[in-house]
Amino acid sequence: MRPHLPLLLGLLSTLQASPPPPPTNPRLEAAYIALQAWKNSIVSDPKNLTLNWHGPDVCSYFGIYCAPSPDDPHTTTVAGIDLNHGDMVGHLPEDLGLLSDLALLHINSNRFCGTIPKSFAHLRLLHELDASNNRFAGPFPDVLLCLPSLRYLDIRYNEFEGKIPRKLFDLPLLDGVFLNNNRFKSRIPSNIGNSRASVIVLANNRLARCLPSSLGEMTGTLDEIILMNNGLASCVPPEIGALNVTVFDVSFNKLAGPLPDSIGDMKSLEQLDMAHNRLSGEIPESVCGGLKRLENFTYSYNYFEGGAEELFGVEGEG
């Protein structure tokens, strides 16, 4: 029986109206392999963020952002991935190393486990990694120390453990370091002063012993440093007076001895938190007289001698 002519014409019209398949290139083909491997490794995707991850047009996938390649403006490549707050369960496959032009990877607030793949060593353009609030575990992912373009590293609220590597603070471009709320257990590396970062947050780990004097060497770059609740047990080194930070938080540690007069030289300070330590002696008058921008000074639960009330008019916080 011959096909019905109107039906044939309608089918032909539909085929002619369908858009042609998107152009592809070796980089997008590699990205397709990587993203399909990642999709297959995800065992739960409650918000269906990867629902449209099918077919070769990876630039149409949710959370995938394409751009011209830096070394060839005529070649389209995957430049960014943003899958924040997906509550997805799974792991990161080694195939993600095929995304060689990736500059931004945001996967915070999911339930990815395992660790960062060794293949990330191929992501030479990656400058922003946010893998916070997941379930990654194991030692610090040393593969990240090999990334020459890395500027922002956020792996807080995971289960990483062991030592914080010295090499981390030698990375010349790293501007933001967020390692808080993990299980790191070591000293703060003595070369932390080599870092050019503007923000360093190492809070809520187990970084016992001393507060490195090399902190004072970050005077030209550091703006905020938060080291609270780490079990630090030493004096407060006078070298910190060289810092131009706006936030300095070493609360909930075991720091002892007097506060150095050099704190009064930290002219940019807005938030100073020394509470819940074992500090003693008198609070230097330079704190009140020299810190004109200071909005909050918390010093409660220490062993300071009298004088704080005269300086600030309240007990424990000024």
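Residues numbered from 1 in each chain as written. Predicted model: local features only at pLDDT ≥ 70, side-chain atom pairs only at ≥ 80, totals over all residues. Heavy atoms only, no water.

1. Details of the overall build of the chain
Here comes step 1: Each helix and strand counted, the chain has four helices and 20 strands in total.
Here comes step 2: By the burial criterion, 49% of the 318 residues in the chain qualify as buried.
Here comes step 3: Taking the intrachain contacts of the chain between residues at least 6 apart in sequence as the baseline, contacts between residues at least 24 apart amount to 48%.
Here comes step 4: Put simply, the chain shows about 15,400 Å² of open surface, and 55% of that area lies on carbon and sulfur atoms. (Helix = DSSP H or I, 4+ residues; strand = E, 2+ residues; numbered from the N terminus. Buried < 20%, exposed > 50% of the residue type's maximum accessible area, 1.4 Å probe, protein only. Contact = heavy atoms within 4.5 Å. Areas by Shrake-Rupley, 256 points an atom, 1.4 Å probe, with all protein chains shown as cover.)

2. Re the state of the cysteines
Here comes step 1: On inspection of all chains with the given rule, the structure shows one disulfide.
Here comes step 2: Here C59 connects covalently by a disulfide to C66, the sulfurs 2.1 Å from one another. Between C59 and C66, the disulfide has an S-S torsion of -95 degrees and is therefore left-handed.
Here comes step 3: Take C210: it sits in no disulfide, and the sulfur closest to it among the cysteines is that of C235, at 9.0 Å. (Disulfide = S-S within 2.5 Å.)

3. Quick word on the nonpolar core
Here comes step 1: Grouped together as the largest cluster of nonpolar side chains are 80 residues, with contacts concentrated most on W38, L168 and F248.
Here comes step 2: Breaking this core down by element, the ones donating at least two residues are helix 2 (26-41) and strand 3 (72-82).
Here comes step 3: Looking at this core, the element that brings in the most residues is helix 2, giving five residues.
Here comes step 4: Not counting residues up to four positions away in its chain, the partners in contact with F248 are I225, I240, L243, M266, L269, Q271, L272, D273 and M274. (Core = buried A, V, L, I, M, F, W, Y, C linked by side-chain atoms within 4.5 Å.)

4. Let's talk about the UniProt feature "domain: Leucine-rich repeat-containing N-terminal plant-type" (unreviewed entry) in the chain
Here comes step 1: The sites that UniProt annotates as "domain: Leucine-rich repeat-containing N-terminal plant-type" (unreviewed entry) are residues 34-66.
Here comes step 2: Taken end to end, residues 34-66 has its terminal C-alpha atoms 15 Å apart, with 24% of it in helix and 18% in strand. (UniProt positions renumbered as here; feature names shortened; annotations may be inferred.)

5. So, a nonpolar patch on the surface
Here comes step 1: Judged by side-chain polarity, Y32, I33 and L98 come together as a nonpolar surface patch covering roughly 260 Å² of accessible area.
Here comes step 2: Along the polypeptide, I33 turns up in helix 2.
Here comes step 3: I33 sits in the partly exposed class, given a relative accessible area of 48%. (Patch = residues over 30% accessible without salt bridge, like charges linked within 9 Å, V, L, I, M, F, W, Y side chains within 5 Å. Salt bridge = Lys/Arg side-chain N within 4 Å of Asp/Glu carboxyl O.)

6. Quick notes on the sheet that holds strand 3
Here comes step 1: Spatial strand order, 2-3-5-7-9-11-13-14-15-17-19: 11 strands in an open sheet with mixed pairing. Unpaired on one side and paired on the other, strand 2 (64-69) and strand 19 (296-298) mark the two borders of the sheet. In this sheet, adjacent strand axes meet at a mean angle of 10 degrees when their direction is disregarded.
Here comes step 2: As paired elements, strand 13 (residues 199-201) and strand 14 (residues 224-226) share three bridges and run parallel to each other. Each residue of the ladder has a partner; that of V201, found in strand 14, is I226. (Pairing = 2+ DSSP bridges. Axes fitted to C-alpha atoms, helices over the stretch in contact; angles between N-to-C directions.)

7. Here we look at unusual backbone geometry
With the exception of glycine, the majority of residues adopt a negative phi angle, and the majority of peptide bonds are in the trans configuration.
Here comes step 1: Notably, N133 is not glycine yet its phi reads approximately 55 degrees, a positive angle.
Here comes step 2: Mapped onto the elements of the fold, N133 is located in the loop between strand 7 (128-130) and strand 8 (135-139).
Here comes step 3: One non-glycine residue, N229, adopts positive backbone phi at about 55 degrees.

8. A short note on the environment of L126
Here comes step 1: Of note, L126 is situated in the loop between strand 6 (111-114) and strand 7.
Here comes step 2: Between the C-alpha atoms of L126 and R151, which are 25 residues apart in sequence, the distance is 8.4 Å.

9. What to know about the pairing of strand 10 (residues 159-162)
Here comes step 1: Relative to strand 10, strand 8 runs parallel, the two sharing three bridges. Following the sheet pairing, P139 is matched in strand 10 by E161.
Here comes step 2: Looking at chain direction, strand 10 and strand 12 (residues 183-184) are connected through two bridges and run parallel. Paired with E161 across the bridge in strand 12 is R183.

10. Considerations on the sheet that holds strand 8
Here comes step 1: A sheet is described by the order of its strands in space; here six strands give the open sequence 1-4-6-8-10-12, paired in mixed fashion. The sheet terminates laterally at strand 1 (42-44) and strand 12, the two strands that pair on one side only.
Here comes step 2: Across the face of the sheet, helix 2 comes into contact with strand 1, strand 4 (89-91) and strand 6 while running at roughly 35 degrees to strand 1.

11. Quick notes on the environment of N158
Here comes step 1: By secondary structure assignment, the location of N158 is in the loop between strand 9 (152-154) and strand 10.
Here comes step 2: The contacts of N158, once residues within four sequence positions are left out, are A131, S132, N133, N134, R135, F136, N181 and N182.
Here comes step 3: A distance of 3.0 Å separates the side chain of N158 from the backbone nitrogen of F136, its partner in a polar contact. (Polar contact = N/O pair within 3.5 Å; in protein donor to acceptor, adjacent residues only side chain to side chain.)

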